[in-house]
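Overview (structure and organization)
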Amino acid sequence: MAEVTVAQLADVVGIPVETLLQQMKDAGLAHEDAAQSVSDTEKEQLLAHLKRSHGDSDSEPKKITLKRKSVSQLKVSGSQGRSKTVSVEVRKQRTYVKRSAVEMEEAARQAEEEAARKAEEDRLAAIEAARRADEARAAAEKKAAEDAARRAAAGEARASGKKGEKADGDEPKKQAKKAPERPQVEDPVELARKAEEARIREAQRKVKEEEAAKRTLEEARRMAMELEYRGGRVDDFKEELLEEEKDAIVKRAFEDSLDSEARQAKRARKTSKKSKIKEKEKQPERQFSPRHNKHGFQSPTGPIVREVQLGESITVSDLAQQMSVKGAAVVKALFGLGIMATINQVLDRETAQLIVEELGHKVKLVSAHAVEESLIESLGDTRQEGEAAHRAPVVTIMGHVDHGKTSLLDYIRRTRVAAGEAGGITQHIGAYHVETDRGMITFLDTPGHAAFTAMRARGAQCTDIVVLVVAADDGMMPQTAEAIDHARAAKVPLVVAVNKIDKHGADPERVRSELSQKEVISEEWGGDTQFVHVSALTGQGIDQLLDAILLQAEVLELNAVATGPAKGVVIESSVDKGRGVVASLLVQSGTLNRGDMVLAGEYYGRVRAMLDENGRPIESAGPSMPVEILGLAGAPDAGEEFLVVPDERKAREVADFRQKKLRHNRLSRQQATKLENIFETMGAGDTASVNIVLKTDVRGSLEALQVALQDLSTPEVKVSIVSSGVGGINESDVNLALTSRAVIIGFNVRADASARKLCQEEGVDLRYYSVIYDIIEDVKKAMSGLLEPELREEIVGVAEVRDVFRSSKFGAVAGCKVMEGTVFRNKPIRVLRDNVVVFQGELESLRRFKDDVNEVNAGIECGIAVKSYNDVKPGDKIEVFDVKKVARTI
């Protein structure tokens, strides 16, 4: 670059000259005047000083590596004469390094030295080539002279040996004639000229190569300076500049190899073709036979009979898949049997068996739970046989509303927590345990009776003892009787806790008497049920209640094997926004470890995290211990049994089977679309319905609400739950409610911002509840509003016919006297004869003397003309009534 003065540099940089001179002095430069010139090296030194003063360190160069990949396609001839396309991938990499000025100068100096060395080598090579050319020319001249002397000596010898048959004058003529026949020798001068031209061409080629190297070096320097100003520098110029040439060489070599392979394949085809032709010529001709032109495919000689496995039910598509036929063929066979079905129709076992036999296949009847049974068998093989040890009892507290169940649990929790941290109790995930002097007790807080019934229906014996709480001042109530029925159905022993014993008006004997009517007899009366008097307010009898529970547990001899895969029941499940699906489990046997593959209902997953009652992470849990796990694919129903399976493949197989089974059951329940119900649906007319989108916080509440709302349905108005789920209300729920004209009900959940905004814009009814009874009452009111009103008749007046007159205008006119009430002209009437209705219609005229009146009160005579009825007789009664619409309620 051109040198500039200090003043010009200060003007370019934009700082005063004095400041620039001070900076140059600090950098070790001897510039004291603004007119002094500044070289590029001095600029680099000043720049390095300024970088060091501002904290920049050049101790480690900063590298930037750029990679580029390009793919090109080549068309080459294949082995059979067809062209094929081959992709060639070229990868390029460049590394940029930010270096100091000293390193730049060193690199430039090395490049100049390398260029000078190459130029010197080229010059020496040219001199050597010229020397070799001179030597070759001298040798050629010497050889030519020797050959000429040798030929001259040979000619003289031949001339002297001839006899004088001819005159000497003929000899020059003969030699002249023979001279053209001698071999011509190239002129040494011409050889030297050609060697000189070759030397000049070689020197010109060397000069061109030197000029190209200089241009390459100049380009490298220009790129280096440009990258230095931009903050980087090429690491290795020589490799980068030759990289594209190397790629081109590789590409050409690859193309040459492909062409070579194609040529070899073509030659091989020609050779094999020629050899086949020769062999064919050597072999004798053979006659044409179908055996020589036989196709490789062998068509079946008969129909293929397959074994079709049939469970309790199967869809048309699955049946067709097992028989390897199209679904239309199965639908056609069903039509032949008089059954109209679609591809998704669910068939029972008998119908499917007829179709299979009709299409010529074999039937194998399997159990509907074959997959689950195989899972149980495999778990039986893997489950370790261990010694059964005593486990803590699982207790469920039940009773009527406001009888003190929650207060009793609160007192137990409060007193035991105050007793100390080690033996404390913390309610969590719907279950907690209490440490006593005689052992541990696990209390289970199920979400209402619906979940308990679901557990009993699935055969899950998750509860060992039921504590029935009855208020001493209230006695047995409907829900108390219901709790007794649940406990008996599950074959679980009862312990009766007579609560509120300290309250004025408490009557324990009344409780015993009323419970004895349900065959719950206390030990004092000769029965087998323990009665304990407790007070949740003062704590009276709490220790006796815990002792009674432990005594009952000893009688039951509750044992469980603590080794092997875990097995238990799902207490509760929910969907947490941050953690995903959260399932509360109660381990009944075995040990549940973190990382196990758990199968619960139709969902499975690996235990990613497991928490204890205090919310702390744990690695394992034994029998009778409640835990909270994360990792399931979905929220299972409360009361579902969970198992630990050996591998994910088995879990997926059973989960898919259960999902398919639920889908079959759901399709089989949709009877409204079947042909045999079309006329029933048409005759019944349109039934009013209350559409609801239901979202709850936990699975147990969802089940209880679904059962309670569906039980409200009547033949005239039904409750239709369009969608239900666990978790918050989102925008998709609002869109579904908008489409189906449904009401969104959130139980202990809330809608997000987008869902609330959409509800306000579209006018969707969104309601929040925290008490289940409020939901039931509001749904009842909505259903009542859809009921047709009830028509009630009210008799407003009765008139007795005293005489009958004939009128040309009205026909028969009855002279009447109002016996009771009021007779109105515009209200419907009935004509009664001997208290039997003989006509129902309306009045045509009501007159008092000759005046038309609208009403006549009791005790007044009047004339009445009945419209379209002239058979009125004395003694008949005309009854005037009014029809009122009365709103109905559920």
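Before going into details, it helps to say that this report is about the structure given with it. (Residues numbered from 1 in each chain as written. Predicted model: local features only at pLDDT ≥ 70, side-chain atom pairs only at ≥ 80, totals over all residues. Heavy atoms only, no water.)

This brings us to the packing of helix α1 (residues 6-13) against helix α2 (residues 17-26). Following both chains from N to C, one finds α1 and α2 inclined at 105°, their axes separated by 9 Å at the closest point. Of the possible angle classes, the one that applies to α1 and α2 is roughly perpendicular. Facing Val6, Ala7, Leu9 and Ala10 of α1, the residues of α2 in contact are Val17, Leu20, Leu21 and Met24. A class-by-class count of the residues in the contact of α1 with α2 yields 8 nonpolar, no polar and no charged. (Axes fitted to C-alpha atoms, helices over the stretch in contact; angles between N-to-C directions. Helix = DSSP H or I, 4+ residues; strand = E, 2+ residues; numbered from the N terminus. Parallel < 35°, antiparallel > 145°, perpendicular 65-115°, else oblique. Contact = heavy atoms within 4.5 Å. Nonpolar A, V, L, I, M, F, W, Y, C, P; charged D, E, K, R; others polar.)

With that settled, consider unusual backbone geometry. Residues apart from glycine generally show negative phi values, whereas peptide bonds are mostly found in trans. Positive phi, close to 60°, is recorded for Lys500, a residue that is not glycine. Here Lys500 lies in the loop between β14 (494-499) and α15 (508-516). Lys500 gets classed as partly exposed once you look at its relative accessible area, which sits at 24%. Residue Arg741 is not a glycine yet carries a positive backbone phi of 55°. (Buried < 20%, exposed > 50% of the residue type's maximum accessible area, 1.4 Å probe, protein only.)

All right, on to the sheet that holds strand β26 (residues 688-696) then. One open sheet accounts for 4 strands, arranged β27-β26-β28-β29; its pairing is parallel. The sheet is open, and its two borders are formed by β27 (717-726) and β29 (766-769), each paired with just one other strand. Here the strands of the sheet are splayed against their neighbours by 25° on average, with no regard to which way each runs. (Pairing = 2+ DSSP bridges.)

Within the largest apolar cluster, 26 residues are counted, with the highest numbers of intra-cluster contacts made by Val395, Leu408, Ile441, Phe443, Val467, Leu545 and Ile549. The set of elements that each furnish at least two residues to this core consists of β10 (394-399), α12 (405-418), β11 (431-436), β12 (439-444), β13 (465-471), β14 and α16 (542-556). With 7 residues, the top contributor of residues to this core is α16. Beyond its immediate sequence surroundings of up to four residues, Ile549 is in contact with Val395, Ile441, Phe443, Ile465 and Val467. Formed by 21 residues, the second largest nonpolar core is a distinct cluster that contains Val818, Val823, Leu843 and Val880. (Core = buried A, V, L, I, M, F, W, Y, C linked by side-chain atoms within 4.5 Å.)

One can find Ser740 in helix α20 (residues 731-740). In sequence terms Ser740 and Val722 are 18 residues apart; their C-alpha atoms lie 7.7 Å from each other. Excluding residues that lie within four positions of it along the chain, Ser740 makes contacts with Asn691 and Val722. A polar contact is formed between the side chain of Ser740 and the backbone oxygen of Leu736, at a distance of 2.8 Å. (Polar contact = N/O pair within 3.5 Å; in protein donor to acceptor, adjacent residues only side chain to side chain.)

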